[in-house]
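Examination of the molecular architecture
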Amino acid sequence: MSFSLAIVGRPNVGKSTLFNRLVGKKLALVDDQPGVTRDLREGEARLGDLRFTVIDTAGLEDATDDSLQGRMRRLTERAVDMADICLFMIDARAGVTPTDMIFAEILRKKSAHVILAANKGEGSAADAGVIEAYSLGLGEPIRLSAEHGEGLNDLYSKLMPLADEFEKHAVDTSPEVDIELDEDDEHTDDVPMPTSSKPLQIAVVGRPNAGKSTLINKIIGEDRLLTGPEAGITRDAISLRTEWQETPIRIFDTAGMRKKAKVQDKVEKLSVSDGLRAVKFAEVVVVLLDAAIPFEQQDLRIADLAEREGRAVVVAVNKWDIEDSKQEKLRDLKESFTRLLPQLRGAPLITVSAKTGRGLDRLHDAIMRAYEVWNRRITTAQLNRWLTGMLEQHPPPAPQGKRIKLRYMTQAKTRPPGFVVMCSHPDKMPESYSRYLVNGLREDFDMPGTPIRLMMRGQNDKNPYKGKKKAPPSKLRKHIKGRRD
């Protein structure tokens, strides 16, 4: 998905019909009466060779209060803020209305990329409305018929250059992960250091009211982000560039993530998905816990998500300044961490106070250390010497009497470290033995906390008779008898 496209406009101009056509399924309800769509709906759209996310929105109405229409309008404006491109639709048969004029003015201020589409444009009855659309000041309108699929080529022509621009931006801003390694390259100390053009990308995630925005304000040294005692103030995943102890960083503040069952508000759903996207853009993820209620179920899910995405993880416990029995609490925290998050065994656990700034030096050192381990490269010679010792200490099992031979090991990737073991019967290797090897890699090569990927791969056997059927005993006897004769 290279970009996101939000379809906006007055009620009953054909937004959901176009949405269904772009996703190729009848996902959104469509009816002649206005106001059928109320929630935001996302889908994976295809238009020619373009693949993008399309968002169907509620009809824009001139209401700003807390009525249903007012809430729907706020939700649509939120989608406009989030989307890369806005497709503003008008009804070509009805022409430009005063409401269209108001919303065109709003879109000019809110969105950098607005495409104007005059829908229901089939036939001569729409000619006047298409010409009138020029008065909105949003450039040349696309003449569309979402019902009949007309004008989609023109939409493709408008989206294509923007798609290239967003793809280039995504390549520039996204972190390099799963970097393939050349076996001949045996250098172990070439960790790419962050620069002003490629800063270290850090995402701060956690439950609502853990103090994420306060922590980031303290790191950058100014009150850039809105904070307060209320939970759920932050809604957007906001990225800020700064230098932290001479390290160029780009830090993402994310919305608090609650349990999925508790998230009813559509705006909050958008906020959480925005936060999950920030985790994918980060290189190091700081999971911020509240010292009063650490390691809730949701905290564990967030940390597990970062590990599955293959990011370096640092766990920080906030509000440490108001904790009374610090030593006892820290001991309990470390015990809970080891027990509840075995997949992140050895990851740094740092106590901080976002309010006073205590512990931020240690947090910076832990982030840099996690980043260095995430980029760690181990030579093939070292790995195979280590593998020999691990096999002597604890040989692999022999399921169904078939002994598994581990012949050779190498590192295939970094960011996170990924290893390949050549062996016989890789499909029969138990998960417990893979865990034994991963834990050994962590301890012996000093790679605490970082996600480690281990893959078992079979080697081609050179036996030329493998897979060939044996000759039946009767034929074999005849063959031997014939040779004797």
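Quick note: structure is the one above.
Here's what I pulled together on the structure shown here.

What counts and what doesn't
Residues numbered from 1 in each chain as written. Predicted model: local features only at pLDDT ≥ 70, side-chain atom pairs only at ≥ 80, totals over all residues. Heavy atoms only, no water. Pairing = 2+ DSSP bridges. Helix = DSSP H or I, 4+ residues; strand = E, 2+ residues; numbered from the N terminus. Axes fitted to C-alpha atoms, helices over the stretch in contact; angles between N-to-C directions. Contact = heavy atoms within 4.5 Å. Buried < 20%, exposed > 50% of the residue type's maximum accessible area, 1.4 Å probe, protein only. 1 Å grid on protein atoms, 1.4 Å probe; cavity = no way out; pocket = protein on both sides within 12 Å on 5 of 7 lines; lining within 4 Å. Points joined across faces, edges and corners; volume = space filled by probe spheres on them. Nonpolar A, V, L, I, M, F, W, Y, C, P; charged D, E, K, R; others polar.

As for the sheet that holds strand E10 (residues 247–253)
Pairing is mixed in the open sheet, where six strands are placed in the order E9-E10-E8-E11-E12-E13. Edge positions in the open sheet fall to strand E9 (238–244) and strand E13 (349–351), since each of these has one partner strand only. Recorded for the sheet is a direction-independent mean angle of 25 degrees between the axes of neighbouring strands. Note that strand E8 (residues 200–206) and E10 share five bridges and pair parallel. Its bridge partner lying in E10, Leu 200 is registered against Ile 249. Along the sheet, helix H9 (residues 326–340) makes contact with strand E12 (312–318) and E13, crossing E13 at roughly 155 degrees. Here helix H10 (residues 360–374) sits on the sheet and contacts E8, E9, E10, strand E11 (284–290), E12 and E13; the angle it forms with E12, its principal contact strand, is near 165 degrees.

A look at the sheet that holds strand E7 (residues 179–180)
Ordered in space as E7-E14-E15-E16, the four strands form an open sheet in which the pairing is mixed. Each having just a single partner strand, E7 and strand E16 (453–458) make up the two edges of the open sheet. Of the pairings in the sheet, the one linking strand E14 (residues 406–414) to strand E15 (residues 418–423) comprises six bridges and is antiparallel in character. By the bridge assignment, Thr 410 is partnered in E15 with Val 420. Relative to the sheet, helix H12 (residues 431–444) contacts E14, E15 and E16, its axis offset from that of E16 by approximately 130 degrees.

A short note on the pairing of E11
Among the seven residues that make up E11, seven are buried, leaving the element largely enclosed by the rest of the structure. Taking every second residue as pointing to the same face, both faces of E11 are buried, with Val 284, Val 286, Leu 288 and Asp 290 on one and Val 285, Val 287 and Leu 289 on the other. Sheet topology places E8 next to E11; five bridges connect them, and they run parallel. When the sheet's bridge partners are listed, Ala 203 is paired in E11 with Val 285. Pairing geometry for E11 and E12, over seven bridges, is parallel. Within the sheet, the bridge partner assigned to Val 285 lies in E12 and is Val 313.

Focus: empty space enclosed by the protein
Applying the stated criterion to the full structure yields two cavities of 30 Å³ or more. Leu 60, Glu 77, Val 80, Phe 103, Ile 106, Leu 107 and Lys 110 together form the lining of the largest cavity. Only helix H2 (68–82) and helix H3 (98–110) provide two or more residues apiece to the lining of the largest cavity. For the lining of the largest cavity, the leading source of residues is H3, giving four residues. Looking at the lining of the largest cavity residue by residue, the class counts come to five nonpolar, no polar and two charged. Taken together, Ala 312, Val 313, Pro 348, Ala 370, Val 373, Pro 448, Gly 449 and Thr 450 make up the full set of residues lining the second largest cavity. Per-class residue counts for the lining of the second largest cavity are six nonpolar, two polar and no charged.

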